[in-house]
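Reading the structure
Take a look at the letters that make up each chain.
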Amino acid sequence: MERRKIGLYAAAIILALWVLLPIYWMANLSLQSEVEIYTVPAYYFPPHPSINNYWFSFDIESAVKYFLAQGKALSLFIPGVMKDFPRSILNSVIVGVTVMIYNILAGTLGAFGITRIRFRGAMPLFYASIAGRLIPPVVIAVPYYVIVRSVGLLDSLVAVILVHIMFTMPFTIWILNTYLLTIPTDIEDAARVEGYSYLEILRKITFPLIGPAIVAIGITSFMISYGEFFFTLLLTQSAASRTIPVIIGSAVAVPRVTKGLICSMGIIGILPAIAVVILFRRYLISGLVAGAVK
Amino acid sequence: MCLVPALAPLFLFGFYPLAYAFYLSLTFYNLKTEIPPHFIGFGNYQALASDSVFAISTTSTLLFAALTIPLITLLSLGEALLLSNDFRGVKVLQVLALIPWGIPVVVSGSIYRFIFDFNFGLFNDIMLKLGLIHEYQSWLSMQWPAMLVVALAYLWVQTPLPTLLLLAGIQSIPKELHEAARIDGAKPLAHFRIVTFNWLKPILFIVLVYASLMALWCFDPVYVITVGGPANFTKLITYFTYEKMFYFLNFGQAGATTILILAITVLLIYLYFRALSLGRLRLRV
């Protein structure tokens, strides 16, 4: 029995390290100055921890001045996209929240329609929506780009939001659908007899009942949209519409880049994600899994 | 009527572009030439077949899939089994294990890029101190190490969700099943195979499908960490398509590649379905 316990704890420690080490390394770099980061061998702990990089993330102008004052010995490079970082946080939130709300409203309406109002063609439409998840994103990249450009929405948040909705909706419908099927329809039937309309039933009875699933798909769609990189990269060209992953993704490949800045931006970028996971873990499990397991 | 808001984006921006991609794949459409777009049948597919980069890219994608699909499945199964045990701190660990799921793949890629950096990375330093290497190695310019780093950045983000699903599956196994197996005197391995594995089959199917789709569609870590190098070895098929489109402006061949990706996706899902003999698994409506 003791042996088994040691094994368990060893595995638990490995798992914790696997998750935490990369995050630690990013935090570690974000608290060092560029001189310290560009030192061989690397520092395992910040020798002089400072949150300068976090200030600079929001004020690239003074970062540039600061590095110029340090002289050219470091020959560091600050990619131009970095000055859009403060705006990109706002963009990320706008896109994520819009996608989330749309998924909740339209997804609930759609799944309710499929499971409760059994009309002709409900099944094929349901399968079509599931099949939507099988379309490789890259397949629709070119056509979508062409469509978006022809209606003049290139480099706008609307284009990004629309394609994110398209990505997240199949999953939303699938999860809500399976969750709705686990709920007895007695109350709804009774309400129907009483003369309530479908819309009233959905709003007053069903919506509160499927709460966990709605929270779960809301979070999932927010997360997918928040981290999505490929389409946002293609569709955006200016500060007005870039999101956090695009800023980081296009800055990181630059040689002799200011790594401390990237790392502080990365840490800021993952904070909301971590907060959401910790706060809503319960709903994620009960909402997503009721669909998948039963 | 109530399906319109949910399905309109899907059909307009999903299925319509899909049909358009079919059309592209059969069309000569190259903006780098003066030749106007015209129908060429399977010409794009033939061009791809004789494209050496495409061959490398396909091989790399298959290697990447062969590496990551079993790894995601086994890692998440192992994690889920570990987290289903009752020991002190398991609740905290369950939350921890889920955290990377929320982290954008681009950020994960950046972290791993820095860890495996040639001069200033953590990995080189540890290896040197352990005496496993004699001098710093440029991991990201060697083929297999670069591939493994991409896979690592990808695995880090992609294992938590399958873990969550499998964990919930394990926790939903009725106690009677465990007891019955115990009374019949099943050894641990047989116990796992008969009770746990059988119960988890439908979820394993979902995990396999998920891991395969993600492997075939993997783009972000390649873009951030290796940009397809060294010598195209990490140029996964999605990145290859991206290049065909936005560097070479050859939309026809890009379209043909995407149709091939779609075909492989569908084939894989069919094979899993058969392999796990999921006769009774249906998408319930």
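Since the model is a prediction, treat every value here as computed from it, not as a measurement. (Residues numbered from 1 in each chain as written. Chains lettered and ligands numbered in written order. Predicted model: local features only at pLDDT ≥ 70, side-chain atom pairs only at ≥ 80, totals over all residues.)

Each helix and strand in chain A was counted, giving 15 helices and zero strands. The C-alpha radius of gyration computed for chain A amounts to 24 Å, which surpasses the reference 19 Å derived for 294 residues by more than 25%, pointing to a less compact arrangement than a globule. If one aligns the C-alpha atoms of chain A with their principal axes, the spans along those axes are about 80 × 70 × 30 Å. Considering only intrachain contacts with a sequence separation of at least 6, the fraction spanning at least 24 residues in chain A is 78%. (Helix = DSSP H or I, 4+ residues; strand = E, 2+ residues; numbered from the N terminus. Rg over C-alpha atoms; globule rule 2.2 N^0.38 Å. Contact = placed C-beta atoms within 7 Å.)

All names here are of chain A. The domain architecture assigned to chain A consists of domain 1 (2–81) and domain 2 (83–293). Computed from C-alpha atoms alone, the centre-to-centre distance between domain 1 and domain 2 is 31 Å. Between domain 1 and domain 2, the residue contacts involve 22 residues of the former and 21 residues of the latter. Those elements that provide at least two residues to the side of domain 1 that touches domain 2 are α1 (2–30), α2 (34–37), α3 (52–58) and α4 (60–69). The greatest single-element share of the side of domain 1 that touches domain 2, amounting to five residues, is contributed by α3. The residue makeup of the side of domain 1 that touches domain 2, split by class, is 14 nonpolar, seven polar and one charged. (Domains from an automatic or database assignment. Nonpolar A, V, L, I, M, F, W, Y, C, P; charged D, E, K, R; others polar.)

Another aspect to go through is the interface of chain B and chain A. Buried accessible area, meaning the area lost when the parts come together, often serves as the stated size of an interface. Listed as interface residues are 74 residues of chain B and, on the opposing side, 74 residues of chain A. Per element, the largest residue contribution to the side of chain B that touches chain A is twelve residues, and it comes from helix α1 (residues 4–25) of chain B. The residue makeup of the side of chain B that touches chain A, split by class, is 55 nonpolar, 14 polar and five charged.

What follows deals with α1 of chain B. Every α-helix winds through 3.6 residues per turn, so residues three or four apart in the chain are directed the same way. End to end, α1 of chain B covers 30 Å across 22 residues, agreeing with the expected 32 Å (1.5 Å per residue, within 8%). If you look at α1 of chain B, its biggest bend is around 35 degrees, right at F11 of chain B. (Expected span 1.5 Å × (residues − 1). Bend = angle between axes of the 7 residues up to and from the residue.)

Moving on: the packing of helix α5 (residues 85–116) of chain A against α1 of chain B. Closest axis-to-axis distance for the α5 of chain A/α1 of chain B pair is 7 Å, and the angle between their directions is 105 degrees. By the angle class used here, α5 of chain A and α1 of chain B are roughly perpendicular. Across the interface between the two elements, A106, G107, L109 and G110 of chain A of α5 of chain A pack against P5, A6 and L7 of chain B of α1 of chain B. Considering only residue class, the contact of α5 of chain A with α1 of chain B consists of five nonpolar, two polar and no charged. (Axes fitted to C-alpha atoms, helices over the stretch in contact; angles between N-to-C directions. Parallel < 35°, antiparallel > 145°, perpendicular 65-115°, else oblique.)

Most often, soluble globular proteins keep nonpolar side chains buried together rather than apart. Counting 163 residues, the largest nonpolar core has V163, I175, L176 and I248 of chain A together with V149, V150 and L166 of chain B as its most contacted members. Counting residues per element, this core draws most heavily on helix α8 (residues 157–181) of chain A, at 16 residues. Residue assignment places this core across two domains, with domain 1 (2–81) and domain 2 (83–293) of chain A each supplying three or more. When near neighbours in sequence (up to four residues on either side) are disregarded, V163 of chain A contacts Y144 and F231 of chain A together with F13 of chain B. (Core = buried A, V, L, I, M, F, W, Y, C linked by C-beta atoms within 7 Å. Buried ≥ 20, exposed ≤ 12 C-beta atoms within 10 Å, placed from the backbone.)

Its identity as a non-glycine residue notwithstanding, D155 of chain A has a phi of 65 degrees, on the positive side. We note that L249 of chain B has phi near 50 degrees; this positive angle belongs to a residue other than glycine. For L249 of chain B, the position within the fold is in the loop between α12 (237–246) and α13 (251–275). Judged by the 13 C-beta atoms lying within 10 Å of it, L249 of chain B is partly exposed.

For any two helices packed against each other, one specifies the crossing angle of their axes together with the interaxial distance. As a packed pair, α1 of chain A and helix α4 (residues 90–98) of chain B sit with axes 9 Å apart at the nearest point and diverge in direction by 35 degrees. The element α1 of chain A and its partner α4 of chain B pack so that their crossing is left-handed. Contacts between α1 of chain A and α4 of chain B involve A12, L15, A16 and V19 of chain A from the former and L93, L96 and A97 of chain B from the latter. Here the residues of the contact of α1 of chain A with α4 of chain B sort into seven nonpolar, no polar and no charged. (Left-handed = near helix turned anticlockwise from the far one by under 90°.)

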